[in-house]
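Report on the structure
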Amino acid sequence: MTAQNAFRNAPRWQKALVIGLIVVGTALVIFFGLRAVHAVRRIHDRPPRPASVNVEEIREWMNLRYISRVYAAPPGYLCDELGIPCDGNERTSLVALNQAYFPDEPGKVLETVKNAVQTWLDEHKPPDAPPMGTLSAGTPQP
């Protein structure tokens, strides 16, 4: 007897029970799956805590897209401050940008980006908050 025949020959209540358990199981998988997706989105969309933001931690290997994500400064703003086009440069490291646009001025892009991010953070901090670019992770909040 095959499984298909066994299901056909089963009593009506067993068929209803199997179908009901499948529906309930599917609903639970969808419910908890959507909760997990929502939780991951909240984690990734959360801006950094002010106590963990320190522009001195910006390094030359970072790119404009990464910096804009971590420090919540738009990549267009950073490109404008550097005086370079954003198209094709958002995923280029700061050292590569420096070599491409300012080959005679080593470290210019890094320092310009640090200053631009600090300015952005100071201009867009919530009222009554300490300056966001000056605290490090181990500094206690007042």
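What comes next concerns the included structure. (Residues numbered from 1 in each chain as written. Predicted model: local features only at pLDDT ≥ 70, side-chain atom pairs only at ≥ 80, totals over all residues. Heavy atoms only, no water.)

In this section: the side chain of Lys114. If you trace the backbone, Lys114 turns up in helix H6 (residues 108-123). With relative accessibility at 8%, the residue Lys114 sits in the buried group. Reaching out from Lys114, the side chain makes a polar contact with the side chain of Glu56 at a distance of 3.5 Å. The contact partners of Lys114, leaving out residues within four places of it in the chain, are Val55, Glu56 and Ile58. (Helix = DSSP H or I, 4+ residues; strand = E, 2+ residues; numbered from the N terminus. Buried < 20%, exposed > 50% of the residue type's maximum accessible area, 1.4 Å probe, protein only. Polar contact = N/O pair within 3.5 Å; in protein donor to acceptor, adjacent residues only side chain to side chain. Contact = heavy atoms within 4.5 Å.)

Enumeration according to the criterion identifies one disulfide in this entry. In this model Cys79 forms its disulfide with Cys86; the gap between the sulfur atoms is 2.2 Å. For the disulfide bridge between Cys79 and Cys86, the dihedral angle about the S-S bond is near 110 degrees, and by the sign convention the bridge is right-handed. Cys79 sits in the buried class, given a relative accessible area of 1%. Cys86 gets classed as buried once you look at its relative accessible area, which sits at 19%. (Disulfide = S-S within 2.5 Å.)

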